[in-house]
Amino acid sequence: MDYTRDKDLEEIIQGCLRKKEKSQEMLYKMFFGYALKVALVYNRDRENAIEVVNDSFIKIFDKMKTYDSTLPFRSWLNRIVVNTSIDRFRRLNKGIIADETETFLVPDEAPGALSQMTAHEIMALLNHLPDIHRLVFNLYEIEGYSHEEISSMLKIPESSSRVYLARAKKRLRELFELFFSAAYEKFGN
């Protein structure tokens, strides 16, 4: 870790606590790229992701006094961006119907397949999922939330969270097969 960077971040955070615009601008510039990467995992569209990032920074500046400086700032920022993405999803999908009539058991197979893809290709596959499936997949597989926690966050039954995750995995497997068969046709073995 770069000590001067940590010290600079501390000074910037202190400036943000004092509501100094220059410090807020520096913090925004310092972490915009990271926040955008996180937001793009949860938002299909770049413009929507930028909106989430901007909303997240507004929350950060308003709640800076709640930040525990003994913990990594990135972790706190990550949590805010994820929660802002969830809030945005709930706001835009108020009338979502939780379909829990169908369940799937989807075993995790083909462990090496992901390592052959770039991050951009993985994101492209995730963006082919319906919003609710992508959101549940990201919360469960990337962020490590339980189905009970996801159920509470999204205000859906726990069984629906499980169904959405299973459907996301099933669809991703189909998309992986399409990706690798297209790559095989294009490049051969």
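Here we summarise the structure given alongside this text. (Residues numbered from 1 in each chain as written. Predicted model: local features only at pLDDT ≥ 70, side-chain atom pairs only at ≥ 80, totals over all residues. Heavy atoms only, no water.)

Between two packed helices, both the angle of their axes relative to each other and the distance between the axes serve to describe the pair. Helix α7 (residues 147–154) packs onto helix α6 (residues 131–142) with a crossing angle of 135 degrees between their chain directions and a minimal axis gap of 10 Å. In terms of axis orientation, α6 runs oblique to α7. When the axes of α6 and α7 are compared, the crossing they make is right-handed. For the pair α6 and α7, the contacting residues are Ile132, Leu135, Val136, Leu139 and Tyr140 in the first and His147, Ile150 and Leu154 in the second. (Axes fitted to C-alpha atoms, helices over the stretch in contact; angles between N-to-C directions. Helix = DSSP H or I, 4+ residues; strand = E, 2+ residues; numbered from the N terminus. Parallel < 35°, antiparallel > 145°, perpendicular 65-115°, else oblique. Left-handed = near helix turned anticlockwise from the far one by under 90°. Contact = heavy atoms within 4.5 Å.)

Time to look at the packing of helix α4 (residues 73–92) against α7. Taken N-terminus to C-terminus, the directions of α4 and α7 make an angle of 55 degrees; their axes are 10 Å apart at the nearest point. In terms of axis orientation, α4 runs oblique to α7. When α4 is examined against α7, the residues Ile86, Phe89 and Arg90 are found in contact with a partner set consisting of Ser152, Met153 and Leu154. Class assignment for the residues of the contact of α4 with α7 results in 4 nonpolar, 1 polar and 1 charged. (Nonpolar A, V, L, I, M, F, W, Y, C, P; charged D, E, K, R; others polar.)

What follows deals with the environment of Ala168. Looking at the element boundaries, Ala168 is found in helix α8 (residues 158–187). Expressed as a C-alpha distance, the spacing of Ala168 and Leu135, which sit 33 residues apart in the sequence, is 9.4 Å. In this view, Ala168 contacts Leu129, His133 and Phe137; residues no more than four positions away in its chain are not counted.

Glancing now at the nonpolar core. In a soluble, globular protein the nonpolar side chains are often hidden away together inside. Ranked by internal contacts, the top residues of the largest apolar core, which has 47 residues, are Leu27, Ile60, Met64, Phe73, Leu139 and Leu154. Taken together, the elements giving at least two residues each to this core come down to α1 (3–17), α2 (21–42), α3 (46–62), α4, α5 (119–126), α6, α7 and α8. Setting aside chain neighbours within four positions, we find Leu139 in contact with Tyr42, Val82, Ile86, Gly144, Tyr145, Ile150 and Leu154. (Core = buried A, V, L, I, M, F, W, Y, C linked by side-chain atoms within 4.5 Å. Buried < 20%, exposed > 50% of the residue type's maximum accessible area, 1.4 Å probe, protein only.)

Turning to the environment of Leu40, a few remarks are in order. Structurally, the position occupied by Leu40 is in helix α2. Taking the C-alpha atoms as reference points, Leu40 and Val53, separated by 13 residues in sequence, lie 9.5 Å from one another. Leaving out residues up to four positions away in the same chain, Leu40 has contacts with Asp45, Arg46, Ala49 and Met123.

Bear in mind that shape data such as this cannot, by itself, settle questions of function.
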